[in-house]
Amino acid sequence: MDNKKCRAFLKWAGGKYALVNEIRSRLPTGQRLIEPFVGAGSVFLNTQYSDYLLNDINPDLINLYTELQLRPDQYIIDARGFFAPEFNQAETYYRLRDEFNQSSDPYHRSLLFLYLNRHGYNGLCRYNLSGKFNVPFGRYKQPYFPEAELNYFAEKAQYATFTCLPFSEVFAMAGEGDVIYCDPPYAPISKTSNFTSYATNGFSMDEQKQLAIQAKLIVKSANIPVLISNHDTEQTREIYQGANLSELKVGRYISQKGHKRKKVDELLALFHQPVNQKHQTYNKDRHK
């Protein structure tokens, strides 16, 4: 695959567009890529596996992907209507946000989810404790309608299965020929920067540890490689012991105040069976 990168159609906190080349250069070959934390799907969009199992704990995200997969042409026509100038007003935004929070119609919610993502503040996806979407109006001059990106996603989604499950259940669905890429909500780099509420529930340090344990187990039991991205901290290095670690300097910023922004160190942790270990296992089996 060349170095041309395809953008996701959603704005997404922690999106992997900037790291796509580094990630795909470290992903092992396989038949199917499994993403337990698909987010905006930048890795999915920029890799060439035969099949994909794409999961996220956010039901609104997976609902949007499923609707776009099922009826792409109609979805794009209907979504475009929400990007007319009259919809880019605070009063209209808050009315449609209320409508989204009250609606139980999957298709209507999927259209409004895209609208809120592109018109809301900073592309955030945030819910209150009652599960209501609560991102304020973004005040953009002219929100971009991502028609080309929607079309590309819909085309590639024909090779994907979408699920909304806890990551442990997604790991249980993996089999021979699969490769797993995990982009969990990142571990905090400090106690004051713990932004992990992508859905109504956060992602605790215990869950970070459990994810690493699952990765080690599935490599050992089924020889399925797992690549995980996260912040480069003492805690993450500790829980990823035994993995092949790559350090990256990332142009993603942690402070909202421009003059205080600084680049963040990230890790890519690859759990896989060493080549010589695979050969030893093979030879031992051969001579039984």
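Residues numbered from 1 in each chain as written. Predicted model: local features only at pLDDT ≥ 70, side-chain atom pairs only at ≥ 80, totals over all residues. Heavy atoms only, no water.

Where an unreviewed UniProt entry is consulted, the protein chain appears under the name Site-specific DNA-methyltransferase (adenine-specific), with the organism given as Bowmanella yangjiangensis. The record held by UniProt for the protein chain lists under Catalytic activity (unreviewed entry) the comment "a 2'-deoxyadenosine in DNA + S-adenosyl-L-methionine = an N(6)-methyl-2'-deoxyadenosine in DNA + S-adenosyl-L-homocysteine + H(+)". (UniProt positions renumbered as here; feature names shortened; annotations may be inferred.)

### Points about the pairing of strand β1 (residues 32-35)
The pairing of β1 with strand β2 (residues 51-55) spans four bridges and is classified as parallel. When the bridges of β2 are listed, Leu33 appears paired with Tyr52. Sheet analysis places β1 next to strand β4 (residues 178-182), joined by three bridges and oriented parallel. Note on β4: the bridge partner recorded for Arg32 is Asp178. (Pairing = 2+ DSSP bridges. Helix = DSSP H or I, 4+ residues; strand = E, 2+ residues; numbered from the N terminus.)

### A closer look at the packing of helix α4 (residues 72-80) against helix α7 (residues 147-156)
Put simply, α4 and α7 touch, their axes get as near as 10 Å, and they point 160° apart. Relative to α7, the element α4 is oriented roughly antiparallel. With respect to the hand of their crossing, α4 and α7 are arranged in right-handed fashion. For the pair formed by α4 and α7, the contact residues are Pro72, Tyr75, Ile76 and Arg80 on the first element and Glu147, Leu150, Asn151 and Ala154 on the second. Class assignment of the residues belonging to the contact of α4 with α7 gives a composition of five nonpolar, one polar and two charged. (Axes fitted to C-alpha atoms, helices over the stretch in contact; angles between N-to-C directions. Parallel < 35°, antiparallel > 145°, perpendicular 65-115°, else oblique. Left-handed = near helix turned anticlockwise from the far one by under 90°. Contact = heavy atoms within 4.5 Å. Nonpolar A, V, L, I, M, F, W, Y, C, P; charged D, E, K, R; others polar.)

### Brief notes about the side chain of Ser229
With respect to the secondary-structure elements, Ser229 resides in strand β5 (residues 226-231). Among the residues examined, Ser229 registers a relative accessible area of 0% and is labelled buried. Of the polar contacts made by the side chain of Ser229, one reaches the side chain of Tyr181; its length is 2.7 Å. Excluding anything up to four places from it in sequence, Ser229 contacts Lys16, Tyr181, Cys182, Asp183, Pro184, Tyr186, Leu267 and Leu268. (Buried < 20%, exposed > 50% of the residue type's maximum accessible area, 1.4 Å probe, protein only. Polar contact = N/O pair within 3.5 Å; in protein donor to acceptor, adjacent residues only side chain to side chain.)

### Quick word on the packing of helix α3 (residues 59-70) against helix α6 (residues 106-119)
Interaxial distance between α3 and α6 falls to 9 Å at its minimum, and their mutual angle equals 105°. What the angle tells us is that α3 and α6 run roughly perpendicular. In this structure, α3 uses Asp60, Leu61, Asn63, Leu64 and Glu67 to contact α6, whose residues at the interface are Pro106, Tyr107, Arg109, Ser110, Phe113 and Leu114. A class-by-class count of the residues in the contact of α3 with α6 yields six nonpolar, two polar and three charged.

### Section: the pattern of salt bridges
All chains considered together, the criterion is met by eight salt bridges. In this structure, Arg71 and Glu67 form a salt bridge, with 3.0 Å as the shortest nitrogen-oxygen distance. Arg237 is the partner of Glu247 in a salt bridge, and the nearest nitrogen-oxygen pair spans 3.1 Å. With Glu247 in strand β6 (residues 244-253) and Arg237 in helix α10 (residues 234-239), this residue pair connects regions lying ten residues apart in the sequence. Here the salt bridges share partners, and the residues they tie into one network are Asp232, Arg237 and Glu247. (Salt bridge = Lys/Arg side-chain N within 4 Å of Asp/Glu carboxyl O.)

### Observations concerning α7
Among all positions in α7, only Glu149, Leu150, Phe153, Ala154 and Lys156 are buried. Buried residues of α7, seen end-on, are gathered within an arc of 165° and therefore sit on one face of the element. Among the exposed residues of α7, those pointing more than 90 degrees away from its buried face are Ala148 and Glu155. On its buried face, α7 sits against α2 (42-45), β2, α3, α4, α6 and β3 (160-163). (Arc of directions from axis to C-beta.)

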